[in-house]
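The primary structure of each chain is shown beneath.
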Amino acid sequence: MFPGGSAGIALLILRFCAGGSLLMCALDHGQFPSAGWTTLGIGVILLLIGVGILTPIACTVGAVIEAFYQLSSYGINQWQAVFALLVTIALGMLGPGAFSIDARLFGRRLIVPSRE
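Conventions and cut-offs
- Residues numbered from 1 in each chain as written.
- Predicted model: local features only at pLDDT ≥ 70, side-chain atom pairs only at ≥ 80, totals over all residues.
- Heavy atoms only, no water.
- Helix = DSSP H or I, 4+ residues; strand = E, 2+ residues; numbered from the N terminus.
- Buried < 20%, exposed > 50% of the residue type's maximum accessible area, 1.4 Å probe, protein only.
- Polar contact = N/O pair within 3.5 Å; in protein donor to acceptor, adjacent residues only side chain to side chain.
- Contact = heavy atoms within 4.5 Å.
- Phe/Tyr/Trp six-rings, centres within 6.5 Å; stacked < 30°, edge-to-face > 60°.
- Expected span 1.5 Å × (residues − 1).
- Arc of directions from axis to C-beta.
- Core = buried A, V, L, I, M, F, W, Y, C linked by side-chain atoms within 4.5 Å.

(A) Geometry of the side chain of Thr 88. Here Thr 88 lies in helix H4 (residues 78-94). Residue Thr 88 is classed as buried on the basis of its relative accessible area of 1%. Engagement of the side chain of Thr 88 in a polar contact is seen with the side chain of Glu 66, the distance being 3.1 Å. Setting aside chain neighbours within four positions, we find Thr 88 in contact with Ala 18, Ser 21, Cys 59, Gly 62, Ala 63 and Glu 66.

(B) Seen up close, the packing of aromatic side chains. Under the criterion given, the structure shown has 2 aromatic pairs. Between Phe 68 and Tyr 69, the ring centres sit 5.9 Å apart and the planes meet at 50°, which makes this aromatic pair tilted.

(C) View of helix H3 (residues 55-72). Along its 18 residues, H3 runs 25 Å from first to last C-alpha, staying within 8% of the 26 Å computed at 1.5 Å per residue. The complete set of buried residues in H3 reads Thr 55, Ala 58, Cys 59, Gly 62, Ala 63, Ile 65, Glu 66, Tyr 69 and Gln 70. Looking straight down H3, one finds that the buried residues subtend no more than 165° of arc, so they occupy a single side. Seen from the buried face of H3, the exposed residues on the opposite side, beyond 90 degrees, are Ile 57, Thr 60, Val 64, Phe 68 and Leu 71.

(D) Main features of the nonpolar core. Ranked by internal contacts, the top residues of the largest apolar core, which has 15 residues, are Leu 22, Ile 42, Ile 49, Ile 65, Tyr 69 and Leu 91. Those elements that provide at least two residues to this core are helix H1 (5-28), helix H2 (37-51) and H3. The element best represented in this core is H1, accounting for 6 residues.

Right, here's the structure in full:
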């Protein structure tokens with residue numbers, strides 16, 4: 001569930017790319033540095049994705065935020081927004097990798113299905 005080695009490093013890079021795309025989406029829409037609940041929420045999601053805490057949930061929320069911004073704006077590069085959304089969805093499906101807080105909290109276990 002939490003791959004290490006080169007796959008773990010690739011997932012670490014993917015976490016930073018997903019967080020960066022969410023940050024760029026918020027910056028393009030003028031959310032930072034304005035104060036408010038939106039800024040706080042996006043900051044929390046960025047932190048969760050960056051360090052790998054509850055990554056599937058954080059990526060789901062991040063993907064919803066990116067999709068909302070993509071649908072509510074007209075001056076953005078649509079292809080860039082689609083690829084940023086796909087990166088966030090892929091990370092949510094793959095998980096955080098071995099270099100994350102989730103891996104430390106939940107451990108790296110091998111689940112072997114029983115044959116009955």
